[in-house]
Amino acid sequence: MDTIDSRSQVRYLQRFLAVLAGLLGCATLAFVAKRNLRDLRVDFQKHGADTVVLIGKMVSRSERADLRLGFADIMAVPRIGNIGNHQTQLMSEQNFSGRSRVGYFYNYWYESMTLREARDYVAFLKDTQRLPRDLVLISVTTPHADNGAFIVDHHHELPTQLAYYYERTRGSGAAADLWRHRLQMLDGYAYKILDWKNMIANGLDFVVASPRRYRVINRRVCEREDRHRGETRPSPEALLLFGVVAVPPTAARWLSMGPVVTAYCNRELSMGFAYDGSSIDAGTGRGLVLNQVDMGSDNRGLVAGDEDRIAGYMRDIDELLSDGHRRVVFLIPPVYESERASFVDGVMTRALDSVPELEVVDHRHRHAEKENFVEYLHPNARYFDLVVEELRKRRVLPPGG
């Protein structure tokens, strides 16, 4: 009897491993075979200042990053740029002059960009001669946004070409460093393959014929009475799976871009980007919740000594950007909260105290100004008017700003 049970357990284990290997193989195949959206070179300024790039369902954060990098490869280099994470996604050209001027400002934000990843992005733009000409804002994640997370670590959401770019191109070249960089890249690939959201997006891109999961529109299309026409028809990209099996009409409509355009025109919460890279302000957010993130000790993203890493990353970025003409300003936006002391906030304060030579706009103290927030994490457009006014007072804006 024991022998039979042992054989059954072995068979179950073999089947489990076979299924697991099959799933991992499918996930890897979908990742390798899918298109890199960067290669599409989508023009975010096709319709000038009226351009809106709407993002469809099941497009992962990494793919959105690829799409945006593709435009950064071809756009005219702006005079001013912001490099940071989602806290600054609503900073737009309108904040600088109250009008639309294509090519004056561009927002290079990515969802979870850390200070370390901002250093990678800056080094890449420098090496490709794509740096903003006059002023670069480096937006640092507020410590109370995620209890110190997303500041000194790495989160694998930048395009693969940018991952660990600074260390790969400016490292010591020692064998140990090279192997460490290779392991880091392998870790990044594992995330892009195995993260469940990426798996779904990769699989969708692989099985759906010629997917069109974004749409570049002129925002004035919302003024047309016939903008709804055709939105209920199955979109061409959703007709076939593996070129054989027809997609049901309901699923085809779900995959189409028509409802996405309608949601945007109806001012419903939408995912997309304006001509200047800023996020479209097409929704009311999730509401204001005071002190939404707990500052407990069990999930801190910073530890003692990280103030040296923060200061080091800031100095590296300043050195990359400084050229005798270009100005560099580090921005720390607020979150909506009451007066709260915390360990991670202390780490940031000590880091800033150690870099007095750098230009820093530290707005952590503006945390209680309710009128300046969309939600706990995200300042609104009004707040960025205040940022620009601060930059103007410091005389760091180029002429015309």
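Scope of this entry: the structure provided in the associated data block.

About the thresholds
- Residues numbered from 1 in each chain as written.
- Predicted model: local features only at pLDDT ≥ 70, side-chain atom pairs only at ≥ 80, totals over all residues.
- Heavy atoms only, no water.
- Buried < 20%, exposed > 50% of the residue type's maximum accessible area, 1.4 Å probe, protein only.
- Helix = DSSP H or I, 4+ residues; strand = E, 2+ residues; numbered from the N terminus.
- Pairing = 2+ DSSP bridges.
- Axes fitted to C-alpha atoms, helices over the stretch in contact; angles between N-to-C directions.
- Parallel < 35°, antiparallel > 145°, perpendicular 65-115°, else oblique.
- Left-handed = near helix turned anticlockwise from the far one by under 90°.
- Contact = heavy atoms within 4.5 Å.
- Nonpolar A, V, L, I, M, F, W, Y, C, P; charged D, E, K, R; others polar.
- Disulfide = S-S within 2.5 Å.
- Phe/Tyr/Trp six-rings, centres within 6.5 Å; stacked < 30°, edge-to-face > 60°.
- Lys NZ or Arg CZ within 6 Å of the ring centre and 35° of its normal.

With that settled, the discussion passes to the pairing of strand E1 (residues 51-55). Both faces of the sheet carry side chains from a regular strand, because those side chains alternate between them. Counting buried positions along E1 yields five of five residues, so the element is predominantly enclosed. Covered by surrounding structure in E1 are Thr51, Val53 and Ile55 together with Val52 and Leu54, the residues of both alternating faces. When E1 meets strand E5 (residues 214-218), the two strands line up antiparallel, connected through five bridges. In the strand pairing of E5, Val53 is matched with Val216. As paired elements, E1 and strand E8 (residues 272-274) share three bridges and run antiparallel to each other. Across the sheet, Val53 pairs through a bridge with Phe273, a residue of E8.

Here we come to the packing of helix H10 (residues 306-321) against helix H11 (residues 343-353). Their axes nearest at 8 Å, the elements H10 and H11 cross at an angle of 45°. Of the possible angle classes, the one that applies to H10 and H11 is oblique. Crossing hand, H10 versus H11: right-handed. Contact residues: H10 offers Asp306, Glu307, Ile310, Ala311 and Met314, while H11 offers Val347, Met348, Arg350, Ala351 and Leu352. Taken together, the residues of the contact of H10 with H11 sort by class into seven nonpolar, no polar and three charged.

So, about the state of the cysteines. Under the counting rule described, the total for this entry stands at one disulfide. One disulfide in the model links Cys222 with Cys265; its S-S distance is 2.1 Å. Residues Cys222 and Cys265 are joined through a disulfide that is left-handed, its torsion about the S-S bond being -75°. One end of the pair, Cys222, is in the loop between E5 and strand E6 (240-241); the other, Cys265, is in helix H9 (residues 258-265), with 43 residues separating them in the sequence.

In the structure shown here, the tally under the stated rule is 12 aromatic pairs. Ring geometry for Phe71 against Tyr106: centres 5.8 Å apart, planes inclined by 55°, an arrangement best described as tilted. Of this pair, Phe71 sits in helix H2 (residues 61-74) while Tyr106 sits in strand E3 (residues 105-107), and the two are 35 residues apart along the sequence. Neither Phe71 nor Tyr106 differs from the other in exposure class; each is buried. What links up through ring pairs into an aromatic cluster is the set Phe44, Phe71, Tyr106, Tyr108, Trp109, Tyr110, Tyr121 and Phe273. Over the ring of Phe273 we find Arg68, and its NZ or CZ is 4.6 Å from the ring centre.

Purely geometric stuff here, so don't read any function into it on its own.
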